[in-house]
Amino acid sequence: MGMVTAASALLASSTHTLRSRGSLSGVPRLRLRPVSPGAGALRLDNFVRRCYVTNVEADVSNVTKEEAFDDHPSLSPGCSIPVVHILGDVLDSSPFALHDSAPHPIDFEELPVLSEGEQHMLAATPAHPAGLYALYASYLFGNLVEQIWNFAWPAALAILHPSLLPVAIVSFFGKLSVFIGAPIVGKLMDHFPRIPMYTGLNAVQVATQLISVAIYALKNMGHASTSALLLRPWFIALVVAGAIERLAGLALGVSMERDWVVLLAGTNRPVALAQANAMLNRIDLICETVGASVFGLLLTKYDPVTCLKISCGLMLCSFPILVMLGQLINSVSCHVLDTSRTPNGESICADLLDVRKIVQNGLSSIKHGWDEYKQQTVLPASVAAVFLNFNVALAPGAIMTALLMHRGISPSIVGAFSGLCSVMGLVATFISSSLVKRVGILKAGAAGLIFQASLLSIALTVYWAGSISQRTPLLIFLASIALSRLGHMSYDVVGTQIIQTGVPASKANLIGGMEVSIASLAELVMLAMAIIANDVSHFGFLAILSVSSVAWAAWMFCRWLGNPTDEQRELFIFDPHFQLRAT
């Protein structure tokens, strides 16, 4: 087609009328012959996109006169045609990509139709398996050090000062920084190159941890009153460092869990993405358990300041390893992390980092993040995940531990309950990927929410029906809560994948940061409710709020699943839920 186009253009420029030999089809035919020695050549390099011949050398210097068409008597008898000569050795026979951006396609590839078994195998195969393994190593290393630190600083602060108020204040401002700063950092991450941003966030996190360690080690807080302690400059610096460290840690988590893992596993490979999400959750649970155990072991042998110094050494050793692992992830995955997400990223980053407009940019980023969050296709799935954060009573945590200890439950039973909840969470990471493979991500998410809401309803019924001080009601109560963790963690994995599928890469960090911000607000609201209803007799009220939030999340998700939009059908076109409806 490109050859004919070029020839037509040349013929159009001739001052003679066309005259050619007639063909069976009635279409003029060009005579081809070898190039004569010394003939001038014209190289046609720049073809339009749909041209299928490249590097054609056409000889138009020799013009021969041919017979006129018998069926075209109106043609002038003096018409001449140019004869185009094609050199066979310049035709390129390499394959080309079948997409719109292919500049010079020259030949068609055969597109095989995959069988159903091959499609399932492709869906379970990551796009960059080596990059995923490097991501797991980086996530394990960084998360283990972070979990040790999360147990180190409150334990050290509680031991160094008798009041719990300093710990509460540092925790409160940490959550407040996430609520305010997560949308801003998310927008910045969406417009900044991934690897430099990853390195910078790790550097900020390590630096703030070292500042906190220095303050803990150099200041003697035991003899200061609580009111005097809160007003000291070094304590304010400690609060600020803790808030920045928490924000940097969550930003790293959002980038890896919402952006990097999608690129490495593949958005159109649901089983591989589900397995990758499950692996990240397993690593998180293991690091949480190991981190608490390691720091507890250190506290039994050393004083708090020495434990903090050991944690400081781990942080310094981890930073270069994390930087090298980040580079390794990118190199073994064909530099997929270097792909650009949004245009004009540099100008937007410079504008966001302008200290003269920090307040204006911050408010603008929060408003922009909220608008994008509301407009996402999978909004009900994200809101359901936020509602699960309202469950602070019927879950392993401080409130449940305080209730059991106040009722005189044996510490061994309390410890066994916490351990069983951790085991259930770990088992859920294996169940979730299997559910996605069998019924698809949408039905797997609904199953997790319904399962959790049902078991928490049983626990609430047992609590209101009988005294949990008796052995049998107590065991049913605790077993229901522990088993509900299967549904909670299953939806944690599956819901993350639904959001990953529905949110484009250019907005992954912004929307993910906004979701973390809203979840942090939910936790603050429930903590405020716990402070108001601080008596153990009000636990039933908190339990009702917890069950209601989970039930509302399940109802909202199922309603969204039962009334899909056209955009939702297009987004999850390969999900078995919509394939069955189509048949």
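Residue positions are counted from 1 within each chain, in the order its sequence is given. Totals for whole chains, interfaces and linings use all residues, but because this is a predicted model, local features are given only for residues with pLDDT of at least 70 and pairs of side-chain atoms are given and counted only at 80 or more. Excluded from the side-chain calculations are hydrogens and water; all other atoms, namely the structure's heavy atoms, are used.

Caption draft 1: Quick peek at the overall build of the chain. In DSSP terms, a helix is any run of H or I states spanning at least four residues, a strand is any run of E spanning at least two, and both are numbered starting from the N terminus. Helix and strand content of the chain: 20 helices and 4 strands. Any two residues whose heavy atoms approach within 4.5 Å at even a single point are treated as in contact. Considering only intrachain contacts with a sequence separation of at least 6, the fraction spanning at least 24 residues in the chain is 80%. Shrake-Rupley sampling with a 1.4 Å probe provides the accessible areas, and residues are treated as covered by the protein chains on show and by no other component. Element-wise, carbon and sulfur atoms account for 65% of the exposed surface of the chain, whose accessible area totals about 29,200 Å².

Caption draft 2: Layout of the nonpolar core. Counting residues in each nonpolar core, the largest one holds 57 residues, and the members touching the most others are Leu394, Met400, Phe477, Ile498 and Phe539. Taken together, the elements giving at least two residues each to this core come down to helix 12 (379-387), helix 13 (398-406), helix 14 (411-439), helix 15 (441-465), helix 16 (471-502), helix 17 (508-532) and helix 18 (539-562). In this structure Phe477 touches Leu394, Met400, Ala459, Val462, Tyr463, Ile468 and Phe539, once residues within four positions along its chain are discounted. In terms of nonpolar packing, the next biggest core, distinct from the first, is built from 31 residues, Leu135, Met189, Leu264 and Leu280 among them. Within this scheme, the nonpolar core is defined by two criteria: the residues are buried Ala, Val, Leu, Ile, Met, Phe, Trp, Tyr or Cys, and they are joined through side-chain atoms within 4.5 Å. Under the scheme applied here, a residue whose accessible area is under 20% of the maximum for its type counts as buried, over 50% as exposed, and between as partly exposed, the area being computed with a 1.4 Å probe on protein chains only.

Caption draft 3: Just the packing of aromatic side chains, in detail. Only centres within 6.5 Å qualify two rings of Phe, Tyr or Trp (six-membered ring in Trp) as a pair; their planes then separate them into stacked at under 30 degrees, edge-to-face at over 60, and tilted for everything else. What the rule picks out here adds up to 12 aromatic pairs. Seen in terms of ring centroids, Phe387 and Phe390 are 5.7 Å apart; in terms of plane orientation they differ by 45 degrees. Their pairing is tilted. Residue classification places Phe387 among the partly exposed residues on the basis of a relative accessible area of 24%. You can call Phe390 partly exposed: its relative accessible area is 21%. Through pairs of rings, three or more aromatic residues link up here, namely Tyr463, Trp464, Phe477 and Phe539. In this analysis the charged atom, NZ for Lys or CZ for Arg, is taken to sit over a ring once it is within 6 Å of the ring centre and within 35 degrees of the ring normal. Above the ring of Phe430, the side-chain terminus of Arg282 is found at 3.8 Å from the ring centroid.

Caption draft 4: Region of interest: the pattern of salt bridges. Should a side-chain nitrogen of Lys or Arg be within 4 Å of a carboxyl oxygen of Asp or Glu, the pair is scored as a salt bridge. All told, the structure shown has 5 salt bridges when counted by the stated rule. A salt bridge links Arg194 to Asp259; the nearest nitrogen and oxygen atoms lie 2.8 Å apart. Remark: Asp259 occurs in helix 7 (residues 233-265) and Arg194 occurs in helix 5 (residues 194-218); sequence separation between them is 65 residues. Measuring nitrogen to oxygen at the nearest pair gives 3.2 Å for the salt bridge that ties Arg258 to Glu515. Separated by 257 residues along the polypeptide, Arg258 in helix 7 and Glu515 in helix 17 bring together distant segments of the chain. Across this residue pair, the class does not change: Arg258 and Glu515 are buried.

Caption draft 5: Seen up close, the packing of helix 12 against helix 18. All axes are obtained by fitting lines to C-alpha atoms, using only the stretch in contact for helices, and the reported angles, taken between N-to-C directions, cover 0 to 180 degrees. Between helix 12 and helix 18, the shortest axis-to-axis distance is 8 Å and the interhelical angle comes to 170 degrees. With respect to their mutual orientation, helix 12 and helix 18 come out roughly antiparallel. Packed against helix 12, whose contacting residues are Pro380, Ala381, Val383, Ala384 and Phe387, the element helix 18 presents Ser549, Trp552, Ala553, Met556, Phe557 and Trp560 at the interface. Grouping the amino acids of the contact of helix 12 with helix 18 by side-chain chemistry returns 10 nonpolar, 1 polar and no charged. If an angle is under 35 degrees, it is roughly parallel; if it is over 145, roughly antiparallel; if it lies from 65 to 115, roughly perpendicular; otherwise it is oblique. Nonpolar residues are Ala, Val, Leu, Ile, Met, Phe, Trp, Tyr, Cys and Pro. Charged residues are Asp, Glu, Lys and Arg, and all others, Gly as well, are polar.

Caption draft 6: Local environment of the side chain of Asn202. Tracing the backbone shows Asn202 in helix 5. For Asn202, a relative accessible area of 4% puts it in the buried group. Under this definition, polar contacts are N or O atom pairs within 3.5 Å; protein pairs additionally need one hydrogen-donor-capable and one acceptor-capable atom, and for neighbouring residues in sequence, both atoms have to be side-chain atoms. Reaching out from Asn202, the side chain makes a polar contact with the backbone oxygen of Tyr198 at a distance of 2.9 Å. Sequence-distant contacts of Asn202, defined by excluding residues within four places in its chain, comprise Leu252, Phe319 and Leu322.

Caption draft 7: Structural view of the confidence of the model for the chain. pLDDT expresses, on a scale from 0 to 100, how confident the predictor is about each individual residue. Across the chain, the average pLDDT comes to 76, with 72% of residues at or above 70. When pLDDT is averaged over each element of the chain, helix 15 comes out on top at 93 and strand 1 (residues 42-44) at the bottom at 41. Considering only residues more than four positions removed or in separate chains, one finds that residues 1-106, a stretch of pLDDT under 50, has 129 contacts.

Caption draft 8: Focus on the packing of helix 8 (residues 270-301) against helix 9 (residues 304-332). Interhelical geometry of helix 8 versus helix 9 gives an angle of 140 degrees and a closest axis separation of 8 Å. Classified by the angle their axes make, helix 8 and helix 9 are oblique. Handedness of the helix 8/helix 9 crossing: right-handed. Of the residues in helix 9, those in contact with Phe295, Leu298 and Leu299 of helix 8 are Pro304, Cys307, Ile310 and Ser311. Tallied by class, the residues present in the contact of helix 8 with helix 9 amount to 6 nonpolar, 1 polar and no charged. Left-handed is the label given to a crossing in which the near helix is rotated counterclockwise from the far helix by less than a right angle, and right-handed is the label when the rotation is clockwise.

Caption draft 9: Fine view of unusual backbone geometry. Of note, the phi angle at Cys334 is positive, near 60 degrees, even though the residue is not glycine. When you line up the elements, Cys334 lands in the loop between helix 9 and helix 10 (345-352). In this structure, His335 is a non-glycine residue whose phi angle is positive, near 55 degrees.

Caption draft 10: Spotlight on helix 14. The span you would expect from a helix comes to 1.5 Å times its residue count less one. In this model helix 14 runs 41 Å from its N-terminal to its C-terminal C-alpha over 29 residues, within 8% of the 42 Å that 1.5 Å per residue would give. Looking at the buried side of helix 14, the elements it contacts are helix 8, helix 13, helix 15 and helix 16. Positive phi shows up at Gly440, right after helix 14, with a value of about 90 degrees.

Caption draft 11: Structural view of the environment of Ser520. Inspection of the secondary structure puts Ser520 in helix 17. On a C-alpha basis, the gap between Ser520 and Gly174 in space is 9.7 Å, while along the polypeptide they are 346 residues apart. In this structure the side chain of Ser520 is engaged in a polar contact, spanning 2.9 Å, whose partner is the backbone oxygen of Lys175.

Caption draft 12: Inspection of the environment of Ile321 at higher detail. Within the secondary structure layout, Ile321 lies in helix 9. Accessibility expressed as a relative area gives 29% for Ile321, which makes it partly exposed. In the structure, Ile321 is positioned 179 residues away from Gly142 in sequence and 9.2 Å away in space, judged by C-alpha atoms.

Caption draft 13: Layout of a nonpolar patch on the surface. A surface patch of nonpolar side chains, amounting to about 310 Å² of accessible area, comprises Val204, Ile236, Val240 and Ile244. Examining the composition of the nonpolar patch, we find that 3 residues originate from one element, helix 7, more than from any other. Position of Ile236 relative to the elements: it lies in helix 7. A residue is classified by how much of its surface remains accessible, and Ile236, at 45% relative accessible area, is partly exposed. Candidates for patches are residues over 30% relative accessible area with no salt bridge; among them, like charges are joined within 9 Å and nonpolar side chains (Val, Leu, Ile, Met, Phe, Trp, Tyr) within 5 Å.

Caption draft 14: Region of the structure containing the environment of Leu388. Locating Leu388 in the fold gives a position in the loop between helix 12 and helix 13. Expressed as a C-alpha distance, the spacing of Leu388 and Val547, which sit 159 residues apart in the sequence, is 9.3 Å. When neighbours within four sequence positions are excluded, Leu388 is seen to be in contact with Leu449, Gln452, His488, Tyr491, Val550 and Ala553.

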